[in-house]
Amino acid sequence: MDRETRIFAEQHFRDLGGQVPGGCLPVPSGVAFIQVPDAFPYADFVKGFLLPNLPCVFSSAFTEGWGSRRRWVTSAGKPDFEYLLQKYGDVVVPVANCEVREYNSNPKEHMPFRDYVSYWKEYIQGGCSSPRGCLYLKDWHLCRDSSVEDLEDVFTLPVYFSSDWLNEFWDALNVDDYRFVYAGPMGTWSPFHADIFHSFSWSVNICGRKKWLFFPPGQEEALRDCHGALPYDMTSPELLDTRLYPRIQDSSPPLEVIQEAGEMVFVPSGWHHQVYNLDDTISINHNWINGFNLANMWHFLQQELQAVQKEVSEWKDSMPDWHHHCQVIMRSCTGINFEEFYHFLKVIAERRLLILRQELEGDGGNNTGLELGLQQAVFDVGRLTDVLASVVTHPDFKRVDISAFSPQPEELLQQLEHAVTTAEAL
Ligand SMILES: O=C(O)CCC(=O)C(=O)O
Ligand SMILES: [Fe+2]
């Protein structure tokens, strides 16, 4: 990141004055297509897409050199089952059944990759149908479950997506990641959803094509049913029933994107989407949070807690530790609670503070360890400061037992504020 872009982005957040970035948007008339890698610097991605929170599609030229695009695909552009079986046949993978609805998702089972490929071949032979249903290999943690050598040069993280705190956090803890592979025949699909924690996602088709239906944040409100629930399938004829979907007439048609083989889709924060595989398709998809959507994540977590509190409000007066229970429920529904969010902020903040300290003491050299360099670290510290300042004043965070936290949240906030002042001139 260059200094000018950092200052531009900081001004953008100052102008928002605490509002949620890209919070409520009309449906745009189209999605930008970025053709040439050399003509598209990171600064253009920041100004054109990260700050305004808008989707875009990158041409297949951006993924030209990826090993997976050569090795996983036959010359006819189909999944190379023989190669994939030899490489990953024994790996146990999660598989969803697209024909069975379980709340707003599909039930999952686990099976060896080998068995999933057998199913896939049968499904093709059966004219895209199988008595076993329509099975979709989803959320396979290929990176987490593979050795470094086995990953070869599967993919190269594009610079645009390289500020990725979610995976940096999990890598630091060495437990999990948000890097996935999806694979499925024509007809497999993902129900209507926004991504975990309102993270960004990026998705590259290694082979095959996908159709995406996108709704900007806020537009999904018109798709809620009479109980306030969002649809499972936004194309269902059920949605035409105005008694069931009282606000449907206020809804706009979705933004439709066809993603070809090799192309890369950027999914902004809090955009709902529904996705179809139009061919036999394999994709690599990552979820990521950084300084540009951290405030969106924090806003989302506050909304989630409010929803939990509303749900269990009748026990508020009779249950000791009601607030603590709300945090426990929130963790089981959302995957994270306020305590863990603080831990996430702390891990990233301490890493950035170290970089700035080394730089200011003159022993940083040019090696920040961050692909986007020193200016990114300065930007990150600014965003962490703003969000942590909001966290520490939240009444429900004040109820969290922070006695074992080290450093104490107020102390970390002071360190960040001090770093922001000293780093301004960098
Ligand atoms: O490809 C799919 O089926 C879903 C992808 C998705 O939802 C995402 O990348 O955010
Ligand atoms: Fe998604």
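Definitions and limits used
Residues numbered from 1 in each chain as written. Chains lettered and ligands numbered in written order. Predicted model: local features only at pLDDT ≥ 70, side-chain atom pairs only at ≥ 80, totals over all residues. Pairing = 2+ DSSP bridges. Helix = DSSP H or I, 4+ residues; strand = E, 2+ residues; numbered from the N terminus. Axes fitted to C-alpha atoms, helices over the stretch in contact; angles between N-to-C directions. Core = buried A, V, L, I, M, F, W, Y, C linked by C-beta atoms within 7 Å. Buried ≥ 20, exposed ≤ 12 C-beta atoms within 10 Å, placed from the backbone. Domains from an automatic or database assignment. Contact = placed C-beta atoms within 7 Å. Expected span 1.5 Å × (residues − 1). Nonpolar A, V, L, I, M, F, W, Y, C, P; charged D, E, K, R; others polar. Near = placed C-beta within 6 Å. Parallel < 35°, antiparallel > 145°, perpendicular 65-115°, else oblique. Left-handed = near helix turned anticlockwise from the far one by under 90°.

**Q** Help me get a handle on the sheet that holds strand β1 (residues 32-34), residues and values and all.
**A** Backbone hydrogen bonds hold the strands of a sheet together, and the pairing may be parallel or antiparallel. Strand order across the open sheet formed by 9 strands is β1-β2-β11-β8-β13-β6-β5-β3-β4, with mixed pairing between neighbours. Edge positions in the sheet fall to β1 and β4 (108-112), since each has one partner strand and no second. Across the sheet, the mean angle separating the axes of adjacent strands is 25° when strand polarity is ignored. Two elements, strand β3 (residues 92-97) and strand β5 (residues 135-140), share 3 bridges in a ladder whose sense is antiparallel. Its bridge partner lying in β5, Asn-97 is registered against Leu-135.

**Q** So, the nonpolar core: which residues are in play, and what are the values?
**A** Grouped together as the largest cluster of nonpolar side chains are 97 residues, with contacts concentrated most on Tyr-116, Leu-137, Leu-345, Val-381, Leu-384 and Val-387. For this core, the leading source of residues is helix α11 (residues 338-360), giving 10 residues. Looking at this core, you find at least three residues from each of domain 1 (25-288) and domain 2 (294-423). Setting aside residues up to four positions removed in sequence, Tyr-116 forms contacts with Val-93, Val-95, Met-111, Leu-135 and Leu-137.

**Q** Tell me what's going on with the sheet that holds strand β7 (residues 189-193), and back it up with residues and numbers.
**A** Taken in spatial order, the 4 strands make up an open sheet running β7-β12-β9-β10, and their pairing is antiparallel. At either end of the open sheet lies a strand with only one pairing partner, and these are β7 and β10 (255-259). Between one strand and the next, the sheet's axes are offset by a mean angle of 15°, whatever the strand orientation.

**Q** For helix α1 (residues 3-16), give the residues involved together with the corresponding values.
**A** Its 14 residues place the ends of α1 20 Å apart at the C-alpha level, agreeing with the 20 Å of an ideal helix rising 1.5 Å per residue. For α1, the secondary structure elements touched by its buried residues are α2 (42-50) and α12 (373-393).

**Q** So what's going on with the domain arrangement of the protein? Which residues, and what values?
**A** When cut into domains, the protein gives domain 1 (25-288) and domain 2 (294-423). Of the residues lining the interface, 14 residues belong to domain 1; the matching set on domain 2 comes to 11 residues. Tallying contributions element by element places helix α8 (residues 165-173) first for the side of domain 1 that touches domain 2, with 4 residues. When grouped by side-chain class, the residues that make up the side of domain 1 that touches domain 2 number 7 nonpolar, 6 polar and 1 charged.

**Q** Hey, could you go over the pairing of β10 for me, with residue numbers and the actual values?
**A** Residues Leu-255, Val-257 and Gln-259 of β10 are buried on one face, while the alternating residues Glu-256 and Ile-258, pointing to the opposite face, are not. For strand β9 (residues 210-215) and β10, the ladder comprises 5 bridges, and the chain directions are antiparallel. Within β10, the residue paired with Leu-213 across the bridge is Glu-256.

**Q** Could you give an account of the site of ligand 1, with specific residues and numbers?
**A** Neighbouring ligand 1 are Tyr-182, Ser-190, Asp-195, Ser-201, Ser-203, Lys-210, Val-267, His-273, Val-275, Ser-283 and Asn-285. Counting residues per element, the ones that place at least two in the shell around ligand 1 are β8 (200-207), β12 (272-277) and β13 (281-288). When grouped by side-chain class, the residues that make up the shell around ligand 1 number 3 nonpolar, 6 polar and 2 charged.

**Q** Quick rundown of unusual backbone geometry? Include the residues and the values.
**A** The residue after Ser-406, namely Pro-407, is reached through a cis peptide bond having omega -5°. Note on placement: Pro-407 falls in the loop between α13 (395-398) and α14 (409-423). A positive phi angle, close to 60°, is found at Asn-53, a residue other than glycine. Within the secondary structure, Asn-53 is located in the loop between α2 and β2 (56-58).

**Q** Help me get a handle on α11, residues and values and all.
**A** Over its 23 residues, α11 runs 32 Å from end to end, which matches the ideal 33 Å to within 8%, given 1.5 Å per residue. Where α11 is concerned, the buried positions are Phe-338, Phe-341, Tyr-342, Phe-344, Leu-345, Ile-348, Ala-349, Arg-352, Leu-353, Ile-355 and Leu-356. Close packing links the buried residues of α11 with α8, α9 (294-311), α10 (322-334), α12, α13 and α14. Downstream of α11 by a residue or two, Gly-362 has a phi angle that is positive, lying close to 85°.

**Q** Residue-level account of the environment of Val-36, with values.
**A** Relative to the helices and strands, Val-36 resides in the loop between β1 and α2. A tally of 10 C-beta atoms within 10 Å means that Val-36 is categorised as exposed. Taking the C-alpha atoms as reference points, Val-36 and Phe-58, 22 residues apart in sequence, are found 8.4 Å from one another.

**Q** Mind laying out the pairing of β9, listing which residues take part and the relevant values?
**A** Bridging between β9 and β12 involves 6 bridges; their strand directions are antiparallel. Bridge pairing in β12 links Lys-210 to Asn-277.

**Q** Explain the environment of Ile-34 to me, and be specific about the residues and the numbers.
**A** Tracing the backbone through its elements, the reader meets Ile-34 in strand β1. Each C-alpha atom of the pair Ile-34 and Cys-56 lies 7.4 Å from the other, and the pair is 22 residues apart in sequence. With residues up to four places along the chain from it excluded, the contact list for Ile-34 reads Phe-40, Cys-56, Phe-58 and Ser-59.

**Q** Lay out the packing of α11 against α12 in plain terms, naming residues and giving numbers.
**A** The relative placement of two packed helices is expressed as an angle between their axes plus a distance between the axes. It is the contact of α11 with α12, at a shortest axis distance of 9 Å, that shows an interaxial angle of 140°. With respect to each other, α11 and α12 are oriented oblique. When the axes of α11 and α12 are compared, the crossing they make is left-handed. Side by side, α11 and α12 meet where Tyr-342, Leu-345, Ile-348, Ala-349, Arg-352, Ile-355, Leu-356 and Glu-359 of the first sit next to Leu-374, Ala-377, Asp-380, Val-381, Leu-384, Val-387, Leu-388 and Val-391 of the second. Taken together, the residues that form the contact of α11 with α12 break down as 13 nonpolar, no polar and 3 charged.

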